[in-house]
Amino acid sequence: MDELPNSRQSDQALARLKSEIISCRLAPGAHFSEVELSNRYRLARAATRAALTRLAEMGLVQPVPRHGFVVTPITLASVKDFFELRLMVEPQASAMAIGKIDPARLRALNAAPQLAKTATDQLAFVDSNRAFHAEIAKASGNRRLVALLETLGDEMQRLVHLGLFGKPGNEANQRDADAQHEALIAAFEAGDAKAAEQAARYHIEHSRALAMDQLMKGLVPLELA
């Protein structure tokens, strides 16, 4: 009879493995078996199995029949799809958040780009950038939209850690991100849904341009699928 997973152990296994994947310590395209992961991270087999099932549902790993699992690769096609989807949903989420979000809270989260000097601060910047966008998603009031944007946030962090937006701590990129976030905050303060939508769109298009520039220069080699 198969071992039943302990829910607390399963949650811990999920959090650990998800963190390893998003940080690219488990690199895109990496192959592994359930046993290998269980041994590497000293996780219970049943908890590892349950975590992998949930990671597959999130799209972060893919089962390979008779060969274990693979961390979902990042390809040119997947990067294009990612930004197309962001452009479809995030500007609308920003418009929906008008009148329901605290601009002061967003401004506090936006302080991190200006403070990122050390390696620790750079990681804090990645986390606060995600928190900034998550705050807007939550304010939209649409739970399904929040869940979708949470998944997109996972993928965005993978792309950041992969180096798709230049080297961590790039001051020019941080200034740009800060200014674009400030434009969003200003739109929320003004209660201007159209301005919020336009600011969100510009922010995503700017990120896409950075990523595609890195790819076209071959600075981040991906599978050209």
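Residues numbered from 1 in each chain as written. Predicted model: local features only at pLDDT ≥ 70, side-chain atom pairs only at ≥ 80, totals over all residues. Heavy atoms only, no water.

Q: Help me out: how do you make sense of a nonpolar patch on the surface in this one?
A: There is a patch of nonpolar side chains on the surface, built from Leu 85, Met 88 and Leu 148 and spanning about 250 Å² of accessible area. Its place among the elements puts Leu 85 in helix H4 (residues 76-96). Of the residues examined, Leu 85 reaches a relative accessible area of 30% and is grouped as partly exposed. (Patch = residues over 30% accessible without salt bridge, like charges linked within 9 Å, V, L, I, M, F, W, Y side chains within 5 Å. Areas by Shrake-Rupley, 256 points an atom, 1.4 Å probe, with all protein chains shown as cover. Salt bridge = Lys/Arg side-chain N within 4 Å of Asp/Glu carboxyl O. Helix = DSSP H or I, 4+ residues; strand = E, 2+ residues; numbered from the N terminus. Buried < 20%, exposed > 50% of the residue type's maximum accessible area, 1.4 Å probe, protein only.)

Q: Teacher, can you tell me more about the sheet that holds strand E1 (residues 31-32) here?
A: An order of E1-E3-E2 is seen for the 3 strands of this open sheet, with the pairing classed as antiparallel. Two strands bound the open sheet, and with one partner strand each, they are E1 and strand E2 (61-64). The pairing of E2 with strand E3 (residues 68-71) spans 4 bridges and is classified as antiparallel. Opposite Gln 62, over in E3, you have Val 70 as the bridge partner. (Pairing = 2+ DSSP bridges.)

Q: Got a minute to help me understand the packing of aromatic side chains in this structure?
A: Here a ring pair, both rings aromatic, is described through the centre-centre distance and the interplanar angle of the planes. Overall, the coordinates contain 2 aromatic pairs when judged by the stated rule. An angle of 15° between the planes, with centres 6.2 Å apart, marks the rings of Phe 32 and Phe 69 as stacked. Placement of Phe 32 in strand E1 and of Phe 69 in strand E3 is noted, with a sequence separation of 37 residues between them. When sorted by exposure, Phe 32 lands in the same class as Phe 69, which is buried. Aromatic pair Phe 82 and Phe 83: ring centres 5.0 Å apart, planes at 75°, arrangement edge-to-face. We note that Phe 82, like Phe 83, is buried. (Phe/Tyr/Trp six-rings, centres within 6.5 Å; stacked < 30°, edge-to-face > 60°.)

Q: Can you help me understand helix H10 (residues 193-216) in this one?
A: Since the α-helix advances by 3.6 residues per turn, residues separated by three or four positions end up pointing in the same direction. Between the first and last C-alpha of H10 there are 34 Å, a value that for 24 residues agrees with the 34 Å anticipated at 1.5 Å per step. Looking only at H10, the buried set comprises Ala 196, Ala 199, Ala 200, His 203, Ile 204, His 206, Ser 207, Ala 211, Met 212, Gln 214 and Leu 215. Two or three places before Lys 194, at the start of H10, stands the capping residue Asp 192, its side-chain oxygen 3.2 Å from that residue's backbone nitrogen. Just beyond H10, the residue with positive phi is Gly 218, at close to 75°. (Expected span 1.5 Å × (residues − 1). Polar contact = N/O pair within 3.5 Å; in protein donor to acceptor, adjacent residues only side chain to side chain.)

Q: Quick question: what am I supposed to make of the pattern of salt bridges here?
A: Pairs can form between side chains of opposite charge once their charged atoms are near each other. In the structure shown here, the tally under the stated rule is 14 salt bridges. Notably, a salt bridge pairs Arg 130 with Glu 150, separated by 2.9 Å at the nearest N-O pair. With Arg 130 in helix H7 (residues 119-139) and Glu 150 in helix H8 (residues 143-162), the pair connects residues that are 20 residues apart, well separated along the chain. Using a relative accessible area of 38% as the deciding quantity, one classes Glu 150 as partly exposed. Among the ionic contacts, a cluster of salt bridges with common partners joins Lys 18, Arg 130, Glu 150 and Asp 154.

Q: Honestly, the nonpolar core in this entry has me stumped. Any pointers?
A: Side chains of nonpolar character tend, in soluble globular proteins, to be buried together. Grouped together as the largest cluster of nonpolar side chains are 22 residues, with contacts concentrated most on Val 79, Phe 83, Leu 149, Leu 159, Leu 164, Phe 165 and Leu 215. Those elements giving two or more residues to this core turn out to be H4, H8 and H10. Looking at which element gives the most residues to this core, the answer is H4, with 7 residues. Setting aside its immediate chain neighbours within four residues, Leu 149 contacts Val 89, Glu 90, Ala 93 and Ala 137. Ala 13, Ile 21, Phe 32 and Ala 51 belong to the second-largest nonpolar core, a separate cluster that totals 17 residues. (Core = buried A, V, L, I, M, F, W, Y, C linked by side-chain atoms within 4.5 Å. Contact = heavy atoms within 4.5 Å.)

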